[in-house]
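So you can see what is in the structure, the chains are spelled out below.
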Amino acid sequence: MDGWTEVGPLEDLREGKGSQVVVDLEKVLLVRSGERVFAVEDTCTHQGAPLHMGPVKTGSLASVTCPLHGSTFGLQDGRVLRGPATEPLLTYETKVEAGTVFLRPA
């Protein structure tokens with residue numbers, strides 16, 4: 001399927017909340033915003049905290065904040081919006097087909 005991996009039903013993702021899935025032994029953070037799903041690595045690049053435990057913002061600048069030291073990352077491109085982290089997150093392309101979410105590395 002051109003690198004796409006099925007990760008589950010869209011309806012299982014809570015609006016504006018982070019969820020963790022494991023794909024090929026990699027922890028991935030999924031965030032639903034309406035019919036759109038963002039996917040980035042679920043480990044903070046600063047000290048490895050689980051990002052699915054941190055607060056999420058959706059809207060014009062969707063982001064996740066690390067629950068440990070407050071680094072903030074853009075969900076669309078993984079870039080660091082606020083440190084102490086300096087390295088961006090890995091990102092994934094997502095698509096929804098027939099109510100099922102798929103992802104692949106960007």
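Predicted model only: the values in this text are computed from it and were never measured. (Residues numbered from 1 in each chain as written. Predicted model: local features only at pLDDT ≥ 70, side-chain atom pairs only at ≥ 80, totals over all residues. Heavy atoms only, no water.)

Chemist: Can you tell me about the sheet that holds strand β3 (residues 26-33), naming the residues and giving the values?
Modeler: Strand order in the open sheet made by the six strands is β1-β10-β9-β4-β3-β2, with antiparallel pairing throughout. The sheet is open, and its two borders are formed by β1 (5-9) and β2 (18-23), each paired with just one other strand. Strand-to-strand twist across the sheet, computed as the mean angle between neighbouring axes with direction ignored, equals 30 degrees. Sheet topology places β2 next to β3; six bridges connect them, and they run antiparallel. Looking at β3, one finds that Val23 is bridged to Glu26. (Pairing = 2+ DSSP bridges. Helix = DSSP H or I, 4+ residues; strand = E, 2+ residues; numbered from the N terminus. Axes fitted to C-alpha atoms, helices over the stretch in contact; angles between N-to-C directions.)

Chemist: If you had to explain the sheet that holds strand β7 (residues 72-74) to someone new, which residues and values would you point to?
Modeler: The strand order across the open sheet built from four strands is β5-β6-β7-β8, with neighbouring strands paired in antiparallel fashion. Since the sheet does not close on itself, it has two edges, and those belong to β5 (56-57) and β8 (80-82), each with one partner. Note: β7 against β8, two bridges, orientation antiparallel. In the strand pairing of β8, Phe73 is matched with Val80.

Chemist: Quick rundown of the environment of Glu6? Include the residues and the values.
Modeler: Within the element layout of this structure, Glu6 appears in strand β1. It is 9.9 Å that separates the C-alpha atoms of Glu6 and Glu97, two residues lying 91 residues apart in sequence.

Chemist: Lay out the pattern of salt bridges in plain terms, naming residues and giving numbers.
Modeler: Considering all chains together, one arrives at five salt bridges under this definition. Between Glu15 and Arg32 there is a salt bridge whose closest N-O contact spans 3.9 Å. Of this pair, Glu15 sits in the loop between β1 and β2 while Arg32 sits in strand β3, and the two are 17 residues apart along the sequence. By relative accessible area, which is 45% here, Glu15 ends up partly exposed. (Salt bridge = Lys/Arg side-chain N within 4 Å of Asp/Glu carboxyl O. Buried < 20%, exposed > 50% of the residue type's maximum accessible area, 1.4 Å probe, protein only.)

Purely spatial values, then, with no claim about function.
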